[in-house]
Amino acid sequence: DTAVSQTPKYLVTQMGNDKSIKCEQNLGHDTMYWYKQDSKKFLKIMFSYNNKELIINETVPNRFSPKSPDKAHLNLHINSLELGDSAVYFCASSPRDRGGEQYFGPGTRLTVT
Amino acid sequence: QKEVEQDPGPLSVPEGAIVSLNCTYSNSAFQYFMWYRQYSRKGPELLMYTYSSGNKEDGRFTAQVDKSSKYISLFIRDSQPSDSATYLCAMSAYSSASKIIFGSGTRLSIRP
């Protein structure tokens, strides 16, 4: 069974479109995260939710909106996609008291043309 | 100055060699130190999780933390071609869910 899953794995879309990425974890963790990894492999946190409550909101354009319907799911919606949004987006989860012990999904490779 | 500095490599060593990967950091509040391994086109996976200064060993991997020098290391003994990956150091100030700062990763290649 996959611990942290993301869909879709690949996403190719045009500038200006709106898209969503879904994430689910079956580890029973309270905390979930969204990261962006750019072409230089730099991994930067975007958002974190603890039991459906937003706890980390980095300097991310308002076009990015996370939604957590329950503690096992964290989705990312992106409006008005731009070329600079092209990257790999990773979802992760961790136990609440061990935030450094993160389990990552396989990533969603987003290409904006 | 970045909060976490990591030599990007690439680092290429022969099979069986001892590998040393390092990171330096500037924030003295960091107490939790992690090493993640990322294979090409995969998500990072946690290798080592340590608290404060000292050593931690797990099989062929040893993590070292020197808080006085703000320097952490990961040693890989008897390196195998399957160890070829990008290694990311990461650190945070708190044990609970909080912002983790990742290094930019070192690309390691083990030559058979």
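Look above for the structure.
First, a word on scope: everything that follows refers to the structure included in this document. What you are looking at is a predicted structure, and each value in this text was computed from that prediction instead of being measured.

## Thoughts on the state of the cysteines
Overall, the coordinates contain two disulfides over all chains when judged by the stated rule. Here Cys 23 of chain A pairs with Cys 91 of chain A through a disulfide, and the sulfurs are 1.8 Å apart. Every disulfide takes its handedness from the sign of the S-S torsion; for Cys 23 of chain A and Cys 91 of chain A that torsion is -75°, giving left-handed. Separated by 68 residues along the polypeptide, Cys 23 of chain A in strand 3 (residues 19-25) and Cys 91 of chain A in strand 9 (residues 87-94) bring together distant segments of the chain. Across this residue pair, the class does not change: Cys 23 of chain A and Cys 91 of chain A are buried. Cys 23 of chain B shares a disulfide with Cys 89 of chain B; S-S distance 2.0 Å. Where Cys 23 of chain B bonds to Cys 89 of chain B through sulfur, the torsion about that S-S bond is close to -100°, and the disulfide is left-handed. A residue pair is termed long-range when its members are at least 10 positions apart, and Cys 23 of chain B in strand 3 (residues 19-25) and Cys 89 of chain B in strand 9 (residues 85-92) qualify at 66 residues. We classify Cys 89 of chain B as buried; its relative accessible area is 0%.

## Considerations on the nonpolar core
Trp 35, Ile 72, Leu 74, Tyr 87 and Met 91 of chain B are the most contacted members of the largest nonpolar core, which has 25 residues in total. For this core, the elements supplying multiple residues, two or more each, are strand 3, strand 4 (32-38), strand 5 (45-51), strand 7 (61-66), strand 8 (71-76), strand 9 and strand 11 (106-111) of chain B. Beyond its immediate stretch of four places on either side in the chain, Tyr 87 of chain B contacts Gln 6, Leu 21, Tyr 36, Arg 37, Leu 47, Phe 61, Leu 74, Ile 76, Gly 105, Thr 106 and Leu 108 of chain B. Counting 20 residues, the second-largest nonpolar core is a separate cluster that includes Val 4, Ile 21, Cys 23 and Val 112 of chain A.

## What to know about the sheet that holds strand 8 (residues 73-78) of chain A
All names here are of chain A. The strand order across the open sheet formed by four strands is 1-3-8-7, and the pairing between neighbours is antiparallel. In the strand order of this sheet, the two ends are held by strand 1 (4-7) and strand 7 (64-70), each with one partner. For this sheet the average axis-to-axis angle between neighbouring strands, irrespective of direction, equals 20°. One ladder, built from five bridges, connects strand 7 with strand 8; its direction is antiparallel. Each bridged residue has a counterpart across the sheet, and for Asp 70 the counterpart in strand 8 is His 73.

## Quick look at the packing of aromatic side chains
One pass over the full model with this rule turns up 12 aromatic pairs over all chains. On the basis of an interplanar angle of 45° and a centroid distance of 5.3 Å, the ring pair of Tyr 25 of chain B and Phe 33 of chain B is categorised as tilted. Residue class for Tyr 25 of chain B comes out buried when judged on its relative accessible area of 6%. Ring centres of Tyr 32 of chain B and Tyr 49 of chain B lie 6.3 Å apart, and the angle between their planes is 40°; this geometry places the pair in the tilted category. You can see Tyr 32 of chain B sitting in strand 4 and its partner Tyr 49 of chain B sitting in strand 5, a full 17 residues away along the chain. The two residues Tyr 32 of chain B and Tyr 49 of chain B agree in class, both being buried. A network of ring pairs unites the aromatic residues Tyr 33, Tyr 35, Phe 90 and Phe 104 of chain A together with Tyr 36 and Phe 102 of chain B as a single cluster. One cation-aromatic arrangement involves Arg 98 of chain A over Tyr 49 of chain B; the distance from NZ or CZ to the ring centre is 4.2 Å.

Basis of the calculations
- Residues numbered from 1 in each chain as written.
- Chains lettered and ligands numbered in written order.
- Predicted model: local features only at pLDDT ≥ 70, side-chain atom pairs only at ≥ 80, totals over all residues.
- Heavy atoms only, no water.
- Disulfide = S-S within 2.5 Å.
- Helix = DSSP H or I, 4+ residues; strand = E, 2+ residues; numbered from the N terminus.
- Buried < 20%, exposed > 50% of the residue type's maximum accessible area, 1.4 Å probe, protein only.
- Core = buried A, V, L, I, M, F, W, Y, C linked by side-chain atoms within 4.5 Å.
- Contact = heavy atoms within 4.5 Å.
- Pairing = 2+ DSSP bridges.
- Axes fitted to C-alpha atoms, helices over the stretch in contact; angles between N-to-C directions.
- Phe/Tyr/Trp six-rings, centres within 6.5 Å; stacked < 30°, edge-to-face > 60°.
- Lys NZ or Arg CZ within 6 Å of the ring centre and 35° of its normal.

Treat this as a map of the structure, not an account of what it does.
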